[in-house]
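Structural description and commentary
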Amino acid sequence: MLLEDFLALMVNGVALGAIYAMVGIGLNIAYKPTNVFNLAQGEFVMLGAMLGWLLLTYVGMPWVAGTLILLVAIGILGGFEERVAVAPHFRADSHHHGWLISTLAFSIIIINIADQVFRADPRFVPPIPGFSLDTIFMGPLSFNTHQVAVVALVVASIFGIEYFYRHTLTGKAISAVAEDRDGARLNGINPLHLTMLSFVAGGAYCALAGIIAAPLLLASTSLGLMLLVKGFMAMALGGVGSQWGTLIGGIVIGCIESISSILLTTGYRQLVLLAVVLLVLLIRPHGLFGKAPGRTV
Amino acid sequence: MSRPDAILDIRDLTAGYNAVPVIRGISLCVGKGEAVALLGANGAGKSTLLRAVSGLLRATEGAVLLSGETITNLAPEKLVRKGLSHVAEGRRIFRRLSVADNLELGLARMGLSSAETARRFEEQYALFPILHEKRKDPAGALSGGQQQMLAIAQALIRRPTVLMLDEPSTGLAPILIEEVFDKMAQIRAQGVSILLVEQVVERALEFVDHAYLIQGGRLIADGPATELKDSSAIRKAYMGDVSIA
Ligand SMILES: Nc1ncnc2c1ncn2[C@@H]1O[C@H](COP(=O)(O)OP(=O)(O)OP(=O)(O)O)[C@@H](O)[C@H]1O
Ligand SMILES: [Mg+2]
């Protein structure tokens with residue numbers, strides 16, 4: 001393999017990995033105060049991409065305005081999901097895993113409606129304004145500026161998320177609920193408010209992932225499930241709850257996928273990917289950067 | 001049983017897990033500025049009673065009154081604003097957050113001005129100077145005794161009228177246990193009523209005015225601390241049912 005080819009594959013892998021990481025981080029956001037993985041978030045990413053096509057390409061709205069509408073709309077959808085599919089499980093006193101079914105059900109409803117509305121064809125969504133999909137050559141390196149923007153955006157968002165959890169009262173309250181739900185309640189914090197907030201934020205974050213992923217992956221209704229699985233892998237590899245870990249995990253997965261795409265057929269590629277994830281989890285069950293649960297009461 | 005001067009008035013409370021009652025028909029009173037001990041062997045239901053009072057657990061029967069107001073089964077996050085603070089078993093501070101963050105969360109939903117917040121911090125730092133020294137450290141890095149002080153300060157920063165403490169001395173060296181009791185004495189001197197669950201029975205009885213003994217989820221005796229100290233009821237409560245032994 002030529003150096004140029006190898007580097008191009010790596011760049012592609014890193015950009016792809018950054019998108020997987022965003023899906024994983026979206027899962028982390030909703031999980032933190034709830035211990036619930038929102039399985040509908042893959043479809044939120046898909047909706048971000050498809051509605052991105054609708055607003056930006058079909059209607060022709062400016063990127064920023066269209067994206068804002070999208071984040072708000074899908075954030076509300078996440079909040080709605082929390083009310084109908086998750087909150088009822090929290091109100092029941094004993095803990096069940098009912099959310100597994102109810103968030104999955106919510107995701108199936110979304111994908112079915114989306115299939116009816118959009119049909120299966122892939123659609124084009126424009127890149128972030130000021131960036132482009134044209135290939136730039138720098139020595140042996142080739143990339144496009146949208147790829148760079150995606151990676152930069154993920155890194156910036158992680159800084160923002162970590163700042164929020166560490167330095168704002170609401171963020172600290174979410175950390176408190178994550179660590180000790182009853183302890184937080186005894187301090188006057190209502191976990192149900194934070195649960196809802198986290199689902200809204202997780203939904204909006206996934207919508208953003210969708211709209212910036214679409215120029216690279218094309219928007220189609222089959223995007224959601226694929227990205228949910230990759231997002232889960234990124235998060236498991238990096239460690240649940242660790243945003244930086246999830247980014248590393250996503251990039252590892254993206255690069256393995258990208259490199260193996262010219263060496264292996266599709267079936268084997270998935271196999272190699274799963275083998276790597278399983279191997280890491282065998283050695284480090286909480287992922288590369290995950291912490292073992294602090295306390296079980 | 002209930003007295004007119006009761007701040008915390010627990011009446012015939014029954015509560016448990018999954019519809020199986022663990023405590024049955026327990027009545028208990030804490031007067032203004034009074035310290036009351038709740039004693040009993042492991043598994044007697046002491047923590048269960050506190051959890052039912054603070055709303056973490058549903059009471060199926062009975063009532064709880066705080067300063068005359070019925071608070072039965074009120075959500076714990078609402079109760080803290082009414083002046084009841086519960087320091088749960090096992091030093092449950094937020095280990096990954098700093099000491100100052102833990103105190104800030106203690107005030108999270110009180111809606112105080114920043115000047116008042118600063119005053120509340122000062123109060124706690126005056127009572128627990130070590131917390132001021134370590135205010136930037138993660139709470140998980142504190143020693144066991146310091147963590148317990150933090151847990152108490154976190155409850156106290158809301159200026160509760162009633163403070164419920166669940167085994168604050170567990171796992172601490174004797175000298176630290178003495179320090180905990182010393183702090184509790186200072187808190188009490190400020191007029192806070194205290195309901196204390198303790199394993200260090202003798203020391204607890206020296207500290208409180210009145211004590212209640214429970215066994216198998218039922219009240220078996222209560223009385224002034226000085227009288228209970230020498231009574232056979234204490235031994236019975238801790239030995240459990242003699243016929244089993
Ligand atoms: N979460 C729970 N689910 C079911 N049963 C429980 C639960 N917590 C406690 N119990 C049971 O309730 C009974 C009383 O427990 P509780 O913790 O109130 O005792 P305690 O008097 O506080 O004991 P200790 O001195 O060990 O703290 C015990 O038999 C215990 O097994
Ligand atoms: Mg207990």
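What counts and what doesn't
Residues numbered from 1 in each chain as written. Chains lettered and ligands numbered in written order. Predicted model: local features only at pLDDT ≥ 70, side-chain atom pairs only at ≥ 80, totals over all residues. Heavy atoms only, no water. Helix = DSSP H or I, 4+ residues; strand = E, 2+ residues; numbered from the N terminus. Contact = heavy atoms within 4.5 Å. Donors = N, O, S within 2.8 Å, 3.2 Å for Na, K, Ca; no water. Buried < 20%, exposed > 50% of the residue type's maximum accessible area, 1.4 Å probe, protein only. pLDDT = per-residue confidence, 0-100. Pairing = 2+ DSSP bridges. Near = heavy atom within 4 Å. Areas by Shrake-Rupley, 256 points an atom, 1.4 Å probe, with all protein chains shown as cover. Nonpolar A, V, L, I, M, F, W, Y, C, P; charged D, E, K, R; others polar.

Description of the environment of Ala221 of chain B
- For Ala221 of chain B, the location among the structural elements is in strand S10 (residues 218-224).
- If we skip the residues at most four places from it in the chain, Ala221 of chain B touches Ala211, Tyr212, Leu213 and Ala233 of chain B.

Comments concerning the coordination of the magnesium ion (ligand 2)
Residues and elements named next belong to chain B.
- For the magnesium ion (ligand 2), every protein donor is listed as Ser47 (OG) and Glu89 (OE), and the spread of their distances is 1.9 to 2.3 Å. Within this pair, whereas Ser47 is found in helix H1 (residues 46-53), its partner Glu89 is found in the loop between strand S6 (84-87) and helix H3 (99-106), the two being separated by 42 residues in sequence.
- Classification of Glu89 by relative accessible area gives partly exposed; the value is 38%.

What about the confidence of the model for chain A?
- Here chain A averages 91 in pLDDT, while 97% of its residues score no lower than 70.
- Ranking the elements of chain A by mean pLDDT puts helix H11 (residues 266-283) of chain A last with 86 and helix H5 (residues 145-167) of chain A first with 96.

Section: the confidence of the model for chain B
Residues and elements named next belong to chain B.
- Confidence in the prediction for chain B averages 91 pLDDT; 96% of positions are at 70 or higher.
- Within chain B, the element-level pLDDT minimum falls on helix H10 (residues 232-239), averaging 72, and the maximum on strand S8 (residues 193-197), averaging 97.
- Confidence drops under a pLDDT of 50 for residues 241-245, and excluding neighbours within four residues, the segment shows one contact in the predicted structure.
- Here the predicted complex scores 0.89 on pTM and 0.91 on ipTM.

Notes on the pairing of S8 of chain B
Residues and elements named next belong to chain B.
- Burial runs high along S8: five of the five residues are buried.
- Judged by which residues are buried, S8 turns out to be covered on both faces: Ser193, Leu195 and Val197 on one side and Ile194 and Leu196 on the other are all buried.
- Bridging between strand S3 (residues 35-39) and S8 involves four bridges; their strand directions are parallel. Bridge pairing in S8 places Val36 opposite Leu195.
- Strand direction decides the pairing type here: strand S7 (residues 162-166) and S8, joined by five bridges, are parallel. Bridge pairing links Leu165 to Leu196 in S8.

Section: the site of ligand 1
Residues and elements named next belong to chain B.
- Taken together, the neighbourhood of ligand 1 is formed by 13 residues, with Gly43, Lys46, Ser47, Thr48 and Glu89 sitting nearest.
- Starting from 630 Å² of accessible surface for ligand 1 in isolation, the protein chains cover 59%.
- Looking at which element gives the most residues to the shell around ligand 1, the answer is H1, with three residues.
- When the residues that make up the shell around ligand 1 are grouped by side-chain class, the tally is four nonpolar, six polar and three charged.

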